[in-house]
Amino acid sequence: MILTTTSTIEGRPVQEYLGIINAQSIIGANIFKDFLGGLRDVLGGRSKTYERVIEEAKEDALREMTEKAHRMGANAVIGVDLDFETVGGSGSMLMVIASGTAVRI
Amino acid sequence: MGLRLYVCIMKTWFAEYYRSHGAEPAEASVLASEHELSFTWRTEDGMIKREQWNINDVTVKDSINEGSVIKTASVPHARLVIKGKEAALFIKDSKEEKLKPWHKQVKNKYAVRNAGIFLGVAGVLVIAYFLLVPWFSEKLASRVSIHTEQQFGDAAYEGLGIAAQQDERASAIINSFFDEMHIATPYAIRISVVKDNTVNAFALPGGRIVVYTALLDKLHSYPELAALLCHEFIHVNNRHSTKSIFRKLGSKVFIGLLLGNAGNVASVLADRADDFKSLTYSRSLEKEADLEGLQLLEDRKIDPAGFDLLFKELKRSGPASAMPEFLESHPDIDKRIAYIHEEAKGKDVEENETLKAIFNQLKINK
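Residues numbered from 1 in each chain as written. Chains lettered and ligands numbered in written order. Predicted model: local features only at pLDDT ≥ 70, side-chain atom pairs only at ≥ 80, totals over all residues. Heavy atoms only, no water.

(A) Representation of the overall build of chain A within the structure. Of regular secondary structure, chain A possesses two helices and four strands. For chain A, the N- to C-terminal ordering of α and β elements is β-β-α-α-β-β. Within the span of chain A, comprising 105 residues, buried residues form 38% of the whole. Residue pairs in contact within chain A that sit at least 24 positions apart in sequence constitute 75% of those at least 6 positions apart. Total accessible area on chain A is roughly 5600 Å²; 53% of this is exposed by carbon and sulfur atoms. (Helix = DSSP H or I, 4+ residues; strand = E, 2+ residues; numbered from the N terminus. Buried < 20%, exposed > 50% of the residue type's maximum accessible area, 1.4 Å probe, protein only. Contact = heavy atoms within 4.5 Å. Areas by Shrake-Rupley, 256 points an atom, 1.4 Å probe, with all protein chains shown as cover.)

Here it is in structure tokens:
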């Protein structure tokens, strides 16, 4: 399965467009991560705890999109776009939306 | 590497799919999880087909010429050929992983580790909340100057709005009663008798003690009044109010830092936890005031039965409380009577005529 942000794949023309797909992952950093992240906010510097949460959410969204594409019979997703948003009452949860076009190459 | 372990392990490859011996290969897109190999391919007539092979049923051969050659018992003669060794390694690892006990499987191992870290951090925070924060708050409270405490106390007294109901004559007499006990203290003790029907007395930071007339009316002997004043004096002298205020503030700041804007439910729960904690603390302070107050009576050879009579009077006049002891700010009165009895055994007692005279003057004034 090829996932790419480009709209074409070098040397492999699209034979069939199967449709637009998307997948999302919403992850809450637990209160300890919030606490550590809060300290980073005060002390300055990179917050590895939050970075890992973002990475985890992105991996989850892409994995789910791959599974969806596979179930549709696709062997590639082109034009993949990733959006990062915060959700929840106080914006304490992180949402990653992956979208793209499932194709057969 | 560490990150992949949080999510379900999944791999994808392109493969050549041979449906039978001598068949032309078709390009297949393979999605492998820890449980199965799922792949799609296009048939000669252009249809897209999907097939799933259970990972337990497949055999894999790592061939130098071809790559990873995968077969399954459920479809004889069919084989998937994937370039490189990665697929063969993945299948081998997945099969081995399934044979391990649950707590040693990679995903569970890290879940167990994370749960351990979570409980550890939670434990540290609980210890900090129940031990370190109160300890640090009390340290801070003990550094507050007496002058500042007096300002606190005066502000609180003004805020209560009871100054207008103060009984000046009774206040003067009760202050002379306290002075006659000759208790050494850096605080300027100012006792106010306030006209009110509530049977109560309390201490404010910095030296102010408030006694309601309804409680004074219930007292029949000077040791009872001495016991009451000594109890309240210990609250002042040991900075109980200031410590309580600092402990409450410390808890609020800690919870604020920890939860931030974590929502109303969390903060309400934290408030309730705080209330329970401060109730336990206030009970321990009351006991300290009882016992140290008793010591003051003993040092002055005043009858410790004053405490006994005071508590019995409070019990008689107080409304029967439906609350269990752990919900009350004061210890259960029967328990207080019991430990006072225990402490007061066999102590020397002398009649103090001066105190008795002042007390009688107070009663006559009534």
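(B) Here's a closer look at the environment of Ala-172 of chain B. Residue and element names in this part refer to chain B. Mapped onto the fold, Ala-172 is located in helix α4 (residues 168-180). Accessibility expressed as a relative area gives 46% for Ala-172, which makes it partly exposed. In sequence terms Ala-172 and Val-193 are 21 residues apart; their C-alpha atoms lie 8.8 Å from each other.

(C) Representation of unusual backbone geometry within the structure. Residue and element names in this part refer to chain B. The residue Arg-239 is not glycine, and still its phi comes out positive at about 55 degrees. Structurally, the position occupied by Arg-239 is in the loop between α6 (222-237) and α7 (240-259). Looking at Arg-239, the relative accessible area reads 14%, which means it is buried. Within the chain, Lys-301 stands out as a residue other than glycine whose phi angle is a positive 55 degrees. Locating Lys-301 in the fold gives a position in the loop between α8 (264-299) and α9 (305-317).

(D) Just the pairing of strand β4 (residues 93-104) of chain A, in detail. Residue and element names in this part refer to chain A. Bridging between strand β2 (residues 16-28) and β4 involves 12 bridges; their strand directions are antiparallel. Note on β4: the bridge partner recorded for Asn-22 is Ser-99. With 10 bridges joining them, strand β3 (residues 76-87) and β4 adopt antiparallel strand pairing. Opposite Asp-81, over in β4, you have Ser-99 as the bridge partner. (Pairing = 2+ DSSP bridges.)

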